[in-house]
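What the coordinates show
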Amino acid sequence: MTEATEATEETAKTMEMAQILYIHFHDLVDEQIYGHLLALLAEFTPQVQALPPDAALADVSGSLRYFGTDAPGLAERIRVRTGGLYGLRCTVGIAANPMLARMVAADGPPSAVRTLPDDVDEVAAFLAAKPAAALHGVGPATTRTLSSYGLDSIGRIAAAPLGTLQRILGAAAGRKLHDAARGLDPTPVIPAGPPRTLRVEHRFPEDELDHDRQRAALLALTDRLGLQLRSTSQVTRSLTLTVRYADRSTTIRTRKLLELTSHTKVLASTAYELHDRLGLQRARVRGLALRADDLLDAEQATRQLLFAPDDDKARRIEAVADTARNKFGPEAIKPAATAAPAA
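Residues numbered from 1 in each chain as written. Predicted model: local features only at pLDDT ≥ 70, side-chain atom pairs only at ≥ 80, totals over all residues. Heavy atoms only, no water.

Thoughts on the confidence of the model for the protein
We apply this condition: The quantity known as pLDDT measures the predictor's confidence residue by residue, on a range of 0 to 100. The secondary structure listing takes helices from DSSP runs of H or I that are at least 4 residues long and strands from runs of E that are at least 2 residues long, numbered from the N terminus. Contacts are residue-level and defined by heavy atoms, with any inter-residue pair within 4.5 Å sufficient.
Of the residues in the protein, 82% reach a pLDDT of 70 or more, and the chain-wide mean stands at 85. The secondary structure element of the protein with the lowest average pLDDT is helix α1 (residues 3-16), at 44, and the one with the highest is strand β4 (residues 90-95), at 97. Confidence drops under pLDDT 50 across residues 1-16; counting only partners more than four residues distant or on other chains, this segment forms 8 contacts. Ignoring residues within four places in sequence, the model shows residues 304-308, a span with pLDDT below 50, making 2 contacts including any to other chains.

What to know about helix α9 (residues 162-169)
Put simply, the rule is: Exposure is judged per residue with a 1.4 Å probe applied to protein chains only, and the accessible area is read against the type maximum: over 50% gives exposed, under 20% gives buried, and values in between give partly exposed. By arc we mean the arc of the directions from the helix axis to the C-beta atoms, nothing more.
Of all the residues in α9, the buried ones are Leu-162, Leu-165 and Ile-168. Taken end-on, α9 shows its buried residues confined to a sector of 130 degrees, consistent with a single buried face. For α9, the elements touching its buried residues are α7 (140-148), α8 (154-159) and α10 (171-180). Following α9 by one or two positions, Gly-170 adopts a phi angle in the positive range, close to 105 degrees.

What about the pairing of strand β7 (residues 234-245)?
Applicable threshold: Strands were regarded as paired on the criterion that DSSP finds at least two bridges between them.
Across the 12 residues of β7, 11 count as buried, placing the element largely inside the fold. Note: β7 against strand β10 (residues 296-297), 2 bridges, orientation antiparallel. Its bridge partner lying in β10, Gln-234 is registered against Asp-297. Both β7 and strand β8 (residues 250-261) contribute to a ladder of 8 bridges, which runs antiparallel. Note that in β8 the partner of Ser-238 across the bridge is Lys-256. Hairpin remark: β7 followed by β8, antiparallel, with 4 residues in the connecting loop; positive phi at Arg-248, about 75 degrees. As paired elements, β7 and strand β9 (residues 285-293) share 8 bridges and run antiparallel to each other. Bridge pairing links Thr-242 to Ala-289 in β9.

Remarks on the packing of aromatic side chains
Rules: Centres within 6.5 Å are what make two rings of Phe, Tyr or Trp a pair, Trp counting through its six-membered ring; a difference in plane orientation under 30 degrees is then read as stacked, over 60 as edge-to-face, and the rest as tilted.
Evaluation of the coordinates by the stated rule reveals 2 aromatic pairs. For the pair Phe-44 and Phe-67, a centre-to-centre distance of 5.5 Å together with 35 degrees between the ring planes defines the contact as tilted. Here Phe-44, found in the loop between α2 (31-42) and β2 (48-51), pairs with Phe-67, found in helix α3 (residues 64-67); they are 23 residues apart in sequence, far enough to count as distant. Between the aromatic rings of Tyr-66 and Phe-67, the centroid separation amounts to 5.0 Å while the plane-to-plane angle is 85 degrees, which identifies the pairing as edge-to-face. With a relative accessible area of 70%, Tyr-66 lands in the exposed category. Through a chain of ring-to-ring contacts, the aromatic side chains of Phe-44, Tyr-66 and Phe-67 assemble into a single cluster.

This is how it looks when you write it as structure tokens:
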């Protein structure tokens, strides 16, 4: 056996150990298409974990022999089929665990297949110069704390003793960060579809710059969303706003609610807050979408008593309006403010 053959076999063996795929679908705003994409992934492996709104994890370790290829080859098939069937780009990161797969997918331009072999030295070299914030789960507060101790890169964190990290962050968080900085992530890919959601969308007839018209559309969306939730006896834990612009780019923001709710007033105030924080004074908005995430049955919700007459009155009016809509149709009663201001 020649040295070249031995090297090729060794590379193949190393690459074979990297079998976790992180797939990021670009320009995806349609929840129904997202469901179709998850079904597409399930054709290659049953080990698919949804990461809404636009990503998924897949463990292909049990599929490679069946398809007669390696993980990059399988990832390339997924990328080509995603483009051919749905006209979407996707980026696939391949590594030995979900954390590294996610990081390697983000390490370059979109619409590519990138692989990080399961080799200690290569993983260390990949991680060394990256900032601490590149580790999944390390937020701004933790980054600032680490930076105050001079631990501003993953390489420096990896070189720090475990005891030092535990004194800074606590025993459990320190241990988790110590392992992550070395490329260790024991998290398995858990087969799961997306959580229960409801989504409503508004497309403007032309690019919309007017802030008041955008807010009117948001109120109409929250009114529809609240009605759907109450009609199906469901409540939501969080609200996601998607803004689609004239250049087809999107901005997505999510806010967790203080309590489970289906109350339109709460949904509307949250949507307004998400919208206002984006500062869209000059943005040409093509469409808006709201998604109620992590839905539960209404009987599982508890309501905080506010002892506020206005809140009770709003809920009574809402109940009467729902009764009329169920009898005469959803357009029978609409909030007056949903009418866009005159030009």
